[in-house]
Amino acid sequence: MSSIKKVLQILDLFTADKPIWTAEEVIQFFGLSQPTGYRYLRELTHAGLLVSDNGQYSIGPKIIKLDCHIRQTDPVISAGIPVMKHLCSLTQCEVLLSNIYNDEVLIAHIETPEGHPSNVIYERGQPHPLFYGSTSKAMIAFLPRAHIARLYESYADDIREADMGNTFEEFKSNLAAIRKQGYYLSHGELDDGVTGIAAPVFKNNTLKGSLSLVYKTSMHEIYNAEKLIELTIRAAQDISEFCSTEEQTMNFKLQELERSGIHD
């Protein structure tokens, strides 16, 4: 493993459950020598990725700058926000744009209807469970076969616990079914009383994430579920098309969408 990779792995230690680490804890966790451990921490601190306060380290302000940069320049987010705003306004449901990174599913952007409380229990950047919920399953079903095989090799117990398959063949079959229908609908997999519909998002035929529509399960019988599924898939396709062509201003058939109702 390269020294650069080792240095960057230190950043993964800092979580909401443990936001502060001492140098000794970092050194012990990675089995580093003291000179190497202190050098890595010093490099991260000089880069602004960590800050030190009396020997205790926490995430630094450079992360804020990088977060602002990705919000402003990421082509999928840029393409997604106008589509999400329209879908949110049209359906009065919450809309999420998520991606997968290092086997972690992360929300990149959220649109919530004005005046409505949020149904989302995971904040932007907070990892989702990998094998539960529409947001995650609509992504992992479209991963390359080699990636799916690696997931099973690494998380077979988690996959069985999530009822996604007791064998690799069963896991592949369950994902193939999701892939065939082009979306995934879940009820209460992440939070009781919450339903999610998600479809994959691509950039130049490469999976980049998923678009999810989230609402109270109690409203599922009132809403026209088939129409919500159609609108979610169409919105995900619009984002895929626009970010693939790197369009910054998008005409995604507003009149057609506005003619589409969500109630029977």
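Everything below is about the structure shown above.
Report on the accompanying structure. Position numbers for residues count from 1 along each chain, tracking the sequence in the order it is written. Local features are withheld for residues below a pLDDT of 70 in this predicted model, meaning they are given only at 70 or higher, and side-chain atom pairs are given and counted only at 80 or more; totals for whole chains, interfaces and linings count all residues. With hydrogens and water set aside, each side-chain value is computed from the structure's full complement of heavy atoms.

Here we look at unusual backbone geometry
Then comes step 1: You will see that Asn54, though not glycine, has its phi angle at about 55 degrees, which is positive.
Then comes step 2: Of note, Asn54 is situated in the loop between strand S2 (50-53) and strand S3 (56-59).
Then comes step 3: We classify Asn54 as exposed; its relative accessible area is 76%.
Then comes step 4: We note that Asp163 has phi near 60 degrees; this positive angle belongs to a residue other than glycine.
Then comes step 5: Here a strand is any run of E in DSSP of at least two residues, a helix any run of H or I of at least four, and the numbering for each starts at the N terminus. Note on placement: Asp163 falls in the loop between helix H7 (145-161) and helix H8 (168-181). Burial classification: accessible surface area is computed with a 1.4 Å probe over protein chains only, and a residue below 20% of its type maximum counts as buried, one above 50% as exposed, and the rest as partly exposed.

Regarding the pattern of salt bridges
Then comes step 1: Salt bridge, as used here: a side-chain nitrogen of Lys or Arg that lies within 4 Å of a carboxyl oxygen of Asp or Glu. Counted by the stated rule, this structure contains eleven salt bridges.
Then comes step 2: Here Lys137 and Glu189 are joined by a salt bridge, their closest N and O atoms 3.1 Å apart. Taken together, the positions of Lys137 in helix H6 (residues 134-140) and Glu189 in the loop between strand S6 (184-187) and strand S7 (194-203) put the pair 52 residues apart, joining distant regions of the chain.
Then comes step 3: One salt bridge connects Arg234 with Glu230, and the closest N-O pair in it is separated by 2.4 Å. Of this pair, Arg234 and Glu230 both sit in helix H9 (residues 225-244), four residues apart, roughly one helical turn.
Then comes step 4: By relative accessible area, Arg234 is classed as buried at 15%.
Then comes step 5: On the basis of relative accessibility, which here comes to 34%, the residue Glu230 falls in the partly exposed class.

Points about the packing of aromatic side chains
Then comes step 1: Here a Phe, Tyr or Trp ring, Trp counted by its six-membered ring, pairs with any other such ring whose centre lies within 6.5 Å, and the pair is stacked when the planes are under 30 degrees apart, edge-to-face when over 60, and tilted otherwise. One pass over the structure, following the stated rule, counts eight aromatic pairs.
Then comes step 2: A centroid spacing of 5.6 Å and a plane angle of 50 degrees characterise the contact between Tyr152 and Phe168, whose relative ring orientation is tilted. Of the two residues, Tyr152 sits in helix H7 while Phe168 sits in helix H8, which places them 16 residues apart along the sequence.
Then comes step 3: Considering the side-chain rings of Tyr215 and Tyr223, the 5.3 Å spacing of their centres and the 80 degrees angle between planes classify their relative orientation as edge-to-face.
Then comes step 4: When its relative accessible area of 2% is taken as the criterion, Tyr215 is described as buried.

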